[in-house]
Amino acid sequence: VHGSWDNDNYGLEEIGGFIKKYECKAPATGNNLSDPAEFNLMFGTQIGPTGLLRGFMRPETAQGIFVNFKRLLEYNQDKVPFAGAQIGQSFRNEISPRSGLLRVREFCQAEIEHFLDPQDKSHPKFKLVKTVPVTMYSADAQVSGGKLLKISIGEALEQGVINSETMGYFLARIQQYLTSVGIPADKLRFRQHMGNEMAHYACDCWDAECLTTYGWVEIVGCADRSCYDLNAHAKAASTKFVAQQRLAEPVSREVTEVTLNKAVLGKAFKKEAGKVSAAIAELSDDQKEEMKSQLESGSYQLTVGDNSYEITPAMISGVRTVTKTEHVREFVPSVIEPSFGIGRILYCILECNFKVRESDEKRTWLDLPPLIAPTKCS
């Protein structure tokens, strides 16, 4: 198969069809290829003496910060924005470890989780970095075959290449950090993830990539994870992961409330009554009004995950619209996450600063910048 190939665009059956259509063989042995199969990149393990309880090694350090969000918010006097940082080992079930520190199953990762108001993604220090020059490769440019864009962070924000000051601030700081530890600016670029490779938790993501003898290698990722993680933990823990903002003036709004007949609901659904009650409470105002309309002429089908529950008029005591006055705005913070692969950064520093004398290949030296050099001169 000639040309570029991106298997993220295809399913298992389609990839299998291409293998058979083009009679693809293993390049080293010439043997036939097996049918494609799903592969779990999380590193599995067994817990306990019997080994019957399955567990997984953490694929990133970030979740330790998310589960402690409420405590971190309290440390910051219940104010956003704020950030938490962590460095430690992460594990991935890499299919084929290779290329030294670039593709491994255990690696050192450093991550920052910057929590902020989803309605205000400005950054107070953005003006300090808006003139930092960067090289950007947007998703649109990749799709259309466009060129790299050399631009300042401030211009990138003005032209809509990046979507917020906070994202721009961290991209600029990543650029400054990488160049300060010895990676040349002409070997760095920020590549935006295309839609088919965007992580399930992200609404935007940029990778800092370094040009090496292995090609362009991702060494830092900067993702706008929106509210995905806090919402997921809140749902699993049945608790709120929210921040509050006191409003300058009270705001009145109409909301639809559903009063349940818990005796009838409990008798009908027994141990699943709690799950059904929670699902009804999470319905939007429009969905609650729709339920009210359907109950007047029959029943309402409530879908929770893969299950469907029939809600009858006897289970609902009433549906009414009330006016609530709010003095505090409650919201789930968004997250901007710079994630540093320490091993990959170290490799790129060594490769970019390894020098060979032109007249004598045996004369080599490591030309590290003074900031990180263990020996300043010799």
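Residues numbered from 1 in each chain as written. Predicted model: local features only at pLDDT ≥ 70, side-chain atom pairs only at ≥ 80, totals over all residues. Heavy atoms only, no water.

**Quick notes on the nonpolar core**
So, step 1. Counting residues in hydrophobic clusters, the biggest one holds 38 residues, and the most contacted among them are Met 136, Leu 171, Leu 178, Ile 183 and Ile 219.
So, step 2. The element that contributes the greatest number of residues to this core is helix 6 (residues 165-180), accounting for seven residues.
So, step 3. If sequence neighbours within four positions are ignored, Leu 171 has contacts with Met 136, Ile 153, Ile 162, Phe 190, Trp 206 and Cys 222.
So, step 4. If you look at the next biggest cluster of nonpolar residues, it comprises 18 residues, including Ala 279, Tyr 309, Ile 316 and Val 319. (Core = buried A, V, L, I, M, F, W, Y, C linked by side-chain atoms within 4.5 Å. Buried < 20%, exposed > 50% of the residue type's maximum accessible area, 1.4 Å probe, protein only. Helix = DSSP H or I, 4+ residues; strand = E, 2+ residues; numbered from the N terminus. Contact = heavy atoms within 4.5 Å.)

**A few points about unusual backbone geometry**
So, step 1. That bond from Val 80 to Pro 81 is cis: its omega, 10 degrees, falls within 30 degrees of zero.
So, step 2. Secondary-structure assignment places Pro 81 in the loop between helix 3 (69-75) and strand 3 (82-91).
So, step 3. The residue Ser 99 is not glycine, and still its phi comes out positive at about 60 degrees.
So, step 4. Within the secondary structure, Ser 99 sits in the loop between strand 3 and strand 4 (106-116).
So, step 5. In the Ramachandran plot, Lys 270 falls in the positive-phi region, its phi being about 50 degrees despite a non-glycine side chain.

**Some words on the pattern of salt bridges**
Note on pairing: side chains with opposite charge can pair once their charged atoms come close.
So, step 1. Using the criterion set out here, one finds 15 salt bridges in the structure.
So, step 2. Between Arg 225 and Glu 60 there is a salt bridge, with its nearest N and O atoms 3.2 Å apart. Placement of Arg 225 in strand 9 (residues 215-226) and of Glu 60 in the loop between strand 2 (53-56) and helix 2 (62-66) is noted, with a sequence separation of 165 residues between them.
So, step 3. Looking at Glu 60, the relative accessible area reads 12%, which means it is buried.
So, step 4. Here Arg 191 makes a salt bridge to Glu 197, at a shortest N to O gap of 2.7 Å.
So, step 5. Taken together, the salt bridges that share partners define one network made up of Arg 189, Arg 191, Glu 197, Asp 207 and Glu 209. (Salt bridge = Lys/Arg side-chain N within 4 Å of Asp/Glu carboxyl O.)

**Quick word on the pairing of strand 5 (residues 133-137)**
Here is the key point about a regular strand: its side chains alternate between the two faces of the sheet.
So, step 1. In terms of burial, strand 5 is a largely internal element, four of the five residues being buried.
So, step 2. Alignment of strand 5 against strand 6 (residues 149-152), held across four bridges, turns out to be antiparallel. Bridge pairing links Thr 135 to Lys 150 in strand 6.
So, step 3. Judged from the two bridges that link them, strand 5 and strand 7 (residues 188-192) form a sheet pairing that is parallel. Across the sheet, residue Tyr 137 finds its bridge partner in strand 7, namely Arg 191. (Pairing = 2+ DSSP bridges.)

**Structural notes on the packing of helix 8 (residues 262-269) against helix 9 (residues 273-281)**
So, step 1. Their axes nearest at 8 Å, the elements helix 8 and helix 9 cross at an angle of 125 degrees. If you check the angle between helix 8 and helix 9, you find them oblique. Residue-level contacts link Leu 265, Gly 266 and Phe 269 of helix 8 to Ala 273, Val 276 and Ser 277 of helix 9. (Axes fitted to C-alpha atoms, helices over the stretch in contact; angles between N-to-C directions. Parallel < 35°, antiparallel > 145°, perpendicular 65-115°, else oblique.)

**Some words on helix 7 (residues 228-237)**
So, step 1. The set of residues buried in helix 7 consists of Asp 229, Leu 230 and Ala 234. Buried residues of helix 7, seen end-on, are gathered within an arc of 130 degrees and therefore sit on one face of the element. Turned more than 90 degrees away from the buried face of helix 7, the exposed residues are Lys 235 and Ala 236.
So, step 2. As for helix 7, its buried residues are in contact with helix 2, helix 3, strand 4 and strand 9.
So, step 3. Backbone geometry just after helix 7 places Ser 238 at a positive phi near 55 degrees. (Arc of directions from axis to C-beta.)

**Structural notes on the sheet that holds strand 9**
So, step 1. Spatially, 3-4-14-9-8-7-5-6 is the arrangement adopted by the eight strands of the open sheet, whose pairing is mixed. The sheet is open, and its two borders are formed by strand 3 and strand 6, each paired with just one other strand. Within the sheet, the average angular offset between the axes of one strand and its neighbour, ignoring direction, is 30 degrees.
So, step 2. Pairing of strand 8 (residues 204-212) with strand 9 involves nine bridges; the strand directions are antiparallel.

**Section: the confidence of the model for the protein**
So, step 1. For the protein, per-residue confidence averages 90 on the pLDDT scale, and 97% of positions sit at 70 or higher.
So, step 2. Per-element averaging of pLDDT across the protein places helix 1 (residues 12-21) at the bottom with 86 and helix 6 at the top with 98. (pLDDT = per-residue confidence, 0-100.)

**Points about the environment of Val 264**
So, step 1. Considering the arrangement of structural elements, one finds Val 264 in helix 8.
So, step 2. Sequence separation between Val 264 and Thr 312 is 48 residues; the distance between their C-alpha atoms is 9.6 Å.
So, step 3. Filtering out sequence-adjacent residues up to four positions away, Val 264 remains in contact with Ala 314 and Met 315.

**Topic: the packing of aromatic side chains**
So, step 1. One pass over the full model with this rule turns up ten aromatic pairs.
So, step 2. The interplanar angle of 85 degrees and the centroid separation of 5.8 Å between the aromatic rings of Tyr 177 and Phe 340 together place this pair among those described as edge-to-face. Of this pair, Tyr 177 sits in helix 6 while Phe 340 sits in strand 14 (residues 334-341); the two residues are 163 residues apart in sequence, bridging distant segments of the chain.
So, step 3. Of the residues examined, Tyr 177 reaches a relative accessible area of 33% and is grouped as partly exposed.
So, step 4. Since its relative accessible area comes to 13%, Phe 340 is described here as buried.
So, step 5. A cation over an aromatic ring shows up here: Arg 189 above the ring of Trp 216, its NZ or CZ 4.2 Å from the ring centre.
So, step 6. Over the ring of Tyr 201 we find Arg 225, and its NZ or CZ is 3.7 Å from the ring centre. (Phe/Tyr/Trp six-rings, centres within 6.5 Å; stacked < 30°, edge-to-face > 60°. Lys NZ or Arg CZ within 6 Å of the ring centre and 35° of its normal.)

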